[in-house]
Every structure is written in structure tokens, then in C-alpha cells.
Amino acid sequence: MPGILLQLAVLALFVGVAVGIFVLGDRVRPASWRHDDDSGAGSMMLDMVNMFFAAIVAFVVVILWQQYDTSHAHTVSEGKALVNVYEAANAMPEADREKVRTLVTAYTRQVIDEEWQVMDEQRRLSPSTQATLDELREAVDSVPAATAEEKADQDETAAAVAAITDARFDRGLDAGYRLPGFLYVALWFATAMLLFGTVFSGVVVTKRSVLMTALFGLVIGAVILAVYQLDRPFAGGNHVAKDAYELALTRFQDLAAEPSSGGDLPR
């Protein structure tokens, strides 16, 4: 509560300073600077509102686009880690190799087919997909390693699984991310000021002014819609693509067609 009161006091202080400068300045400025009516004040107010709205929108869009780009980067990291696990399994005995590769493929397909919908509708990750990842980790940890070389191969695969886990954790945070509430308050406040500015401008209502106002509202609506779309990186029409996982599945097929190096190694 003291913090809120302090913020309100600061706002009131700036209001008082602005009015004081305006009133006192009117007494010392040349008469040639004065307008006969308040049209100058209205024009100045509209310019300030336009600048405020543009600044808020630019600030919000930059934040959301950075978050969108970061979310996509996390999917790319996870896709690369999935391929690394699939490729590292090539040095395992045939039974372990097939088990690990089957789980990696199953997890990737679950992310594409199931988890993306869960992130869209519930802004969280799928528990069943997490269970598949846990099973994959257990399968990698249970592979026997009798020699130092085999231990190094297992550690490499386990490190790739850990990279999947880290990227998945980041993706979960991205799915639940929301723009801070105070920015939405500022955005809607600027929007309201902008819309009511048509009233304070004193423009006469004609067919032409109504059409221009309608186009004005259309532009504002498009901006607000774009903001809300960007605020949901894994949902809506402007969501992060699944290309990293789809590319990983394609790479799995290529690796599966290559000859295995560890299938006939004794353990």
C-alpha cells in the first residue's frame, strides 16, 4: 500500500508541475503565441496521445517479438538434442539402440501431435509426453557400460537427454508466458485516449469523417489483435512452428537407414 500511495503521489506531482508550468508560462509568453480558441490545445493533446499510443505499441511489440523469437529458439535447441540422442544411440547394442530410438521418436511425435494442442488450449506441457521423456532417460541410464568407451558413449547420450529436458523446461515457461499486466493497462488506456480523441478533436460528423474514423478503428483493432496473438507463442494463428521437430523426424529416418556401428558389439 505505501508503494501504491507513493506512485500516486508522484503522478499527482507531475500533474501539478505540468499545470503550474502551463499557467505561469501563460503570464510571461508573448501575446502572439496565444490562440483565440482552444484548438491549439486540442491539436497538442491529440499529438501527445498519438505519440503515447505509438510508444506503448512499439514497446509491447518489441517485448513480445523477442519472446516469440526466444520460444522458437528453444524448440530448435530441443530438436537438435533429439537428433543427438537418436544419433548417439547408434553405438549401443541393438536391443538398447532400438528401445532408445523408439522412445525418442515417440516423444517427438507426441510433442507434435499432442503437446502442441495442450500448449494451445491450456498453456502448459503434456504430462504424458513428460512421462515418455522420463522413460527415455531411464532407458539411457540403464544401458550397460563395461568399458571406458562405452561409458563415454552413454555419458554423451545422457548429456543429450539432459539438453532435451532443459529445452523442454524452457518451452514450458514460454507456453505459460504472459505480458505483464501493467503493460496491458497502459495499452488499453492509450487506446481509449486515442478513440476518444475523435470526440475532443471537434471534427464534424459527415460521411467522409465516419468512413475515416471506421478505418482508424480498423487499424487500432488490428494492432490490438496482433499484440494478443504475439502474447501466445504456442497458440492462435501466429504460433511458433513445429518445424524443428518435423525436421528431427526426417533426420531420424535418414539415421535409421544408415548402418549401425554398435549392433554387433559384444557387451
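Above this note sits the structure.
Residues numbered from 1 in each chain as written. Predicted model: local features only at pLDDT ≥ 70, side-chain atom pairs only at ≥ 80, totals over all residues. Heavy atoms only, no water.

1. Quick word on the packing of aromatic side chains
One pass over the structure, following the stated rule, counts 6 aromatic pairs. Consider the rings of Tyr-86 and Phe-252, whose centres lie 4.4 Å apart with planes at 10°: the pair is stacked. Remark: Phe-252 occurs in helix H8 (residues 243–257) and Tyr-86 occurs in helix H2 (residues 39–88); sequence separation between them is 166 residues. Across this residue pair, the class does not change: Tyr-86 and Phe-252 are buried. An angle of 85° between the planes, with centres 5.3 Å apart, marks the rings of Trp-116 and Phe-234 as edge-to-face. (Phe/Tyr/Trp six-rings, centres within 6.5 Å; stacked < 30°, edge-to-face > 60°. Helix = DSSP H or I, 4+ residues; strand = E, 2+ residues; numbered from the N terminus. Buried < 20%, exposed > 50% of the residue type's maximum accessible area, 1.4 Å probe, protein only.)

2. A short note on the side chain of Asp-231
Turning to its location among the elements, Asp-231 is positioned in the loop between helix H7 (207–230) and H8. Side-chain polar atoms of Asp-231 contact the backbone nitrogen of Leu-179, separated by 2.9 Å. Residue contacts for Asp-231: discarding those within four places in its chain leaves Leu-64, Arg-123, Tyr-177, Arg-178, Leu-179 and Tyr-184. (Polar contact = N/O pair within 3.5 Å; in protein donor to acceptor, adjacent residues only side chain to side chain. Contact = heavy atoms within 4.5 Å.)

3. A few points about the packing of helix H3 (residues 94–122) against helix H5 (residues 148–175)
Between H3 and H5, the shortest axis-to-axis distance is 12 Å and the interhelical angle comes to 15°. Relative to H5, H3 is oriented roughly parallel. With respect to the hand of their crossing, H3 and H5 are arranged in right-handed fashion. In this structure, H3 uses Tyr-107, Val-111, Glu-115, Trp-116 and Met-119 to contact H5, whose residues at the interface are Ile-164, Arg-168, Arg-171 and Ala-175. Here the contact of H3 with H5 is built from residues that sort into 6 nonpolar, no polar and 3 charged. (Axes fitted to C-alpha atoms, helices over the stretch in contact; angles between N-to-C directions. Parallel < 35°, antiparallel > 145°, perpendicular 65-115°, else oblique. Left-handed = near helix turned anticlockwise from the far one by under 90°. Nonpolar A, V, L, I, M, F, W, Y, C, P; charged D, E, K, R; others polar.)

4. A word on a negative patch on the surface
On the surface, Glu-87, Glu-156, Asp-254 and Glu-258 cluster together into a negatively charged patch. Among the residues examined, Glu-258 registers a relative accessible area of 39% and is labelled partly exposed. (Patch = residues over 30% accessible without salt bridge, like charges linked within 9 Å, V, L, I, M, F, W, Y side chains within 5 Å. Areas by Shrake-Rupley, 256 points an atom, 1.4 Å probe, with all protein chains shown as cover. Salt bridge = Lys/Arg side-chain N within 4 Å of Asp/Glu carboxyl O. Lys, Arg positive; Asp, Glu negative; His and termini not counted. Charge placed at Lys NZ, Arg CZ, Asp CG, Glu CD.)

5. Digging into the nonpolar core
Val-85, Val-100, Val-104, Leu-136 and Phe-252 are the most contacted members of the largest nonpolar core, which totals 34 residues. Counting only elements with at least two residues in this core, the list comes to H2, H3, helix H4 (127–141), H5 and H8. No other element matches H3, which puts 8 residues into this core. Setting aside chain neighbours within four positions, we find Val-104 in contact with Leu-82, Val-85, Tyr-86, Leu-136 and Phe-252. Among the nonpolar cores identified, the runner-up in size contains 17 residues, and Val-60, Leu-64, Leu-187 and Ile-224 belong to it. (Core = buried A, V, L, I, M, F, W, Y, C linked by side-chain atoms within 4.5 Å.)

6. Regarding H5
An ideal rise of 1.5 Å per residue puts 40 Å on 28 residues; H5 measures up with 40 Å between its terminal C-alpha atoms. Where H5 is concerned, the buried positions are Glu-150, Gln-154, Thr-157, Ala-160, Val-161, Ile-164, Ala-167, Arg-168, Arg-171, Asp-174 and Ala-175. (Expected span 1.5 Å × (residues − 1).)

7. Focus: H8
With 15 residues, H8 extends 22 Å between its outermost C-alpha atoms, agreeing within 8% with the 21 Å of an ideal straight helix rising 1.5 Å per residue. Restricting attention to buried positions, one finds in H8 the residues Ala-244, Tyr-245, Ala-248, Leu-249, Phe-252 and Leu-255. Looking straight down H8, one finds that the buried residues subtend no more than 140° of arc, so they occupy a single side. In H8, those exposed residues whose orientation departs by more than 90 degrees from the buried face are Leu-247, Gln-253 and Ala-257. (Arc of directions from axis to C-beta.)

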